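# Examining the three-dimensional arrangement
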Amino acid sequence: MPTRNQAQDAPEETDLQQLWQEERRRREVEQGAQSALAERNLMCMISGDGRIVRLEGDWREVLGWERAELVGRQLDEHLHPDDRESTVRELVSLS
C-alpha cells in the first residue's frame, strides 16, 4: 500500500488518461491536416536558408494566403510554435 507521500507524488490515473486523450486528439488533427494538404497537392520548395522559393497548388483556397504573400518569406513565420521543432527535424533529414 502506498504511503501518503507516494500517493501525493504519483500522478492521478485520470490525469494520465486526460493527457493521453489530448495527445491522441492532437495527432488526429495533425493527420487530418496532413491528409487535407496532400489531397490538394500543396507543394512548397524551401531554400537552404528556410525561405519559400516556390509554391504549387491552390494555397489561397486551402490556407487563405496568396502565393505572392508567401514566396520569399521564411517558412518558420508561418508555422505553429508546436510544429517548429518537428518541422526543423524533417527539413534537416531531407538535406
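So, here's what we can say about the structure. Everything quoted here is computed from the prediction, not taken from an experiment. (Residues numbered from 1 in each chain as written. Predicted model: local features only at pLDDT ≥ 70, side-chain atom pairs only at ≥ 80, totals over all residues. Heavy atoms only, no water.)

## Considerations on the overall build of the protein chain
Definition in use: Runs of H or I in DSSP of at least four residues are treated as helices and runs of E of at least two as strands, each being numbered from the N terminus. The contact criterion used is simple: two residues touch if any of their non-hydrogen atoms lie within 4.5 Å. Per-residue and other accessible areas follow the Shrake-Rupley method at a 1.4 Å probe size, with only the shown protein chains counted as cover for residues.
In terms of regular secondary structure, the protein chain is built from five helices and two strands. Overall, the protein chain shows an N-to-C arrangement of helices and strands of α-α-β-β-α-α-α. Summarising the internal contacts of the protein chain: among those between residues at least 6 apart in sequence, 14% fall at separations of at least 24. Approximately 8100 Å² of the protein chain is accessible, and the part contributed by carbon and sulfur atoms is 51%.

## A look at the layout of surface pockets
Any empty space left between the atoms is revealed when a probe the size of a water molecule rolls over them. Applicable threshold: In the cavity and pocket records, a cavity denotes points on a 1 Å grid over the protein atoms alone where a 1.4 Å probe fits but cannot get out, a pocket denotes an open set with protein on both sides within 12 Å along at least 5 of 7 lines, and lining residues are residues with an atom within 4 Å of a point. Grid points are joined across faces, edges and corners, and a volume is the space filled by probe spheres set on the points. Under the grouping applied here, Gly and all other residues not named as nonpolar or charged are polar, the nonpolar ones being Ala, Val, Leu, Ile, Met, Phe, Trp, Tyr, Cys and Pro and the charged ones Asp, Glu, Lys and Arg.
Estimates place the volume of the second largest pocket at around 270 Å³. The wall of the second largest pocket is formed by 16 residues, among which Ile-46, Ser-47, Gly-48, Gly-50 and Leu-91 lie closest to the centre. Considering each element in turn, the lining of the second largest pocket owes the most residues, six residues, to helix H5 (residues 84-94). For the lining of the second largest pocket, the per-class residue count stands at seven nonpolar, six polar and three charged.

## Observations regarding the pairing of strand S2 (residues 52-56)
Note the cut-off: In this analysis, strands are considered paired if DSSP registers two or more bridges between them.
Inspection of the sheet shows strand S1 (residues 43-46) paired to S2 by four bridges, in the antiparallel sense. When the sheet's bridge partners are listed, Met-43 is paired in S2 with Glu-56. The hairpin turn running from S1 into S2, its antiparallel successor, is five residues long, and Gly-50 in that turn takes a positive phi close to 90°.

## Describing the side chain of Gln-74
What counts is decided by this rule: Here a polar contact is taken to be a pair of N or O atoms separated by no more than 3.5 Å, where protein atoms must pair a possible hydrogen donor with a possible acceptor and residues adjacent in sequence count only if both atoms sit in side chains.
With respect to the helices and strands, the residue Gln-74 is situated in the loop between helix H4 (67-70) and H5. A polar side-chain atom of Gln-74 sits 3.1 Å from the main-chain carbonyl oxygen of Asp-49. Not counting the four nearest positions on each side in its chain, Gln-74 is found in contact with Asp-49, Gly-50 and Arg-51.

## Observations concerning the pattern of salt bridges
Convention followed: Each reported salt bridge corresponds to a side-chain nitrogen of Lys or Arg within 4 Å of a carboxyl oxygen of Asp or Glu. When accessible area is computed with a 1.4 Å probe and restricted to protein chains, residues below 20% of their type maximum are described as buried, those above 50% as exposed, and intermediate ones as partly exposed.
All chains considered together, the criterion is met by seven salt bridges. Ionic pairing is found between Glu-23 and Arg-27, a salt bridge with its closest N-O pair at 2.8 Å. Taken as a pair, Glu-23 and Arg-27 lie in helix H2 (residues 13-39) at a separation of four residues, close to a single helical turn. Its relative accessible area of 49% is what places Arg-27 among the partly exposed residues. Ionic pairing is found between Glu-56 and Arg-54, a salt bridge with its closest N-O pair at 2.8 Å. A relative accessible area of 45% means that Arg-54 is categorised as partly exposed.

Remember that the coordinates give geometry; whether it matters functionally is a separate question.
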